[in-house]
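Examining the three-dimensional arrangement
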Amino acid sequence: MHKISAFLILLLVFSVFAGCDKKRVFDDYKPVNGEWHKDSIINFELGKLDSLRSYNLFINIRNNNDFKYSNLFLITEIRFPQGKVITDTLEYEMAAPSGEWLGKGFGDVKENKLWYKENVRFDEPGNYQVHIKHAMRKNGEVNGIDNLQGITHVGFRIENTSE
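Now for a look at the structure at hand. Computed from a predicted model, the values in this text were never measured in an experiment.

On to the overall build of the chain, then. What the chain contains, in helices and strands, is 1 helix and 10 strands. Overall, the chain shows an N-to-C arrangement of helices and strands of α-β-β-β-β-β-β-β-β-β-β. In the chain, the share of contacts with a sequence separation of at least 24, taken over all contacts with a separation of at least 6, comes to 78%. Approximately 10,200 Å² of the chain is accessible, and the part contributed by carbon and sulfur atoms is 52%.

Now the structure itself:
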């Protein structure tokens, strides 16, 4: 009887937490295996999205102590179904001036939910794609960092603007 009660309590707790994320439309992560090469592009296939809704877009980054920088530079592309491409160069603060990592998490890995775009409408019918690559450089150097260490996962999230 105790096992059934414990199972029901666990099921209830899981249901509560699973139902709390009503704004989520898309949420996916891709692993970066130790080093993120400057030519390696992280791809997300978004599929078809409701053209009548507005969305907020986020880039999620998981980093550990092997990441040696306070900022992160990214180049993103949104590829529309009919060929249009929007490219952005982004900079995100990853550490406080004290050197403490920003983001949430216990231990070595921190997760950052980074604003990308607000109130976006996907009005073209068809499937959308997002491409993300890093654009890190050391101060005073022209060439980018070949293999960026310390980023463990790159994620992309779409949320409804209202619920």
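On to unusual backbone geometry, then. In this structure, asparagine 119 is a non-glycine residue whose phi angle is positive, near 55°. The topology assignment puts asparagine 119 in strand 7 (residues 110-120). On the basis of relative accessible area, asparagine 119 is assigned to the partly exposed category, the value being 48%.

Its location among the elements puts leucine 90 in strand 6 (residues 85-93). Along the primary structure leucine 90 and tyrosine 116 are separated by 26 residues, whereas in three dimensions their C-alpha atoms are 8.4 Å apart. If near-sequence neighbours (up to four positions away) are discounted, leucine 90 is found in contact with Ile59, Leu72, Phe73, Leu74, Thr76 and Tyr116.

Right, let's get into the layout of surface pockets. Of the volumes computed, that of the largest pocket is approximately 220 Å³. Counting only elements with at least two residues in the lining of the largest pocket, the list comes to strand 1 (24-31) and strand 7. Top element by residues in the lining of the largest pocket is strand 7. It accounts for 3 residues. Looking at side-chain class alone, the lining of the largest pocket contains 1 nonpolar, 3 polar and 5 charged residues. Taken as a whole, the second largest pocket encloses approximately 150 Å³ of empty space. Around the second largest pocket, the lining residues are Tyr69, Ser70, Asn71, Phe73, Ala135, Met136, Arg137, Lys138, Asn139 and Gly140.

The next thing to look at is the pattern of salt bridges. Enumeration according to the criterion identifies 8 salt bridges in this entry. Of the charged contacts in the structure, one is a salt bridge between aspartate 146 and lysine 38, with a shortest N-O distance of 3.3 Å. Separated by 108 residues along the polypeptide, aspartate 146 in the loop between strand 8 (128-134) and strand 9 (147-149) and lysine 38 in the loop between strand 2 (35-37) and strand 3 (42-47) bring together distant segments of the chain. Classification of aspartate 146 as partly exposed rests on a relative accessible area of 41%. Classification of lysine 38 by relative accessible area gives partly exposed; the value is 28%.

Criteria and thresholds
Residues numbered from 1 in each chain as written. Predicted model: local features only at pLDDT ≥ 70, side-chain atom pairs only at ≥ 80, totals over all residues. Heavy atoms only, no water. Helix = DSSP H or I, 4+ residues; strand = E, 2+ residues; numbered from the N terminus. Contact = heavy atoms within 4.5 Å. Areas by Shrake-Rupley, 256 points an atom, 1.4 Å probe, with all protein chains shown as cover. Buried < 20%, exposed > 50% of the residue type's maximum accessible area, 1.4 Å probe, protein only. 1 Å grid on protein atoms, 1.4 Å probe; cavity = no way out; pocket = protein on both sides within 12 Å on 5 of 7 lines; lining within 4 Å. Points joined across faces, edges and corners; volume = space filled by probe spheres on them. Nonpolar A, V, L, I, M, F, W, Y, C, P; charged D, E, K, R; others polar. Salt bridge = Lys/Arg side-chain N within 4 Å of Asp/Glu carboxyl O.

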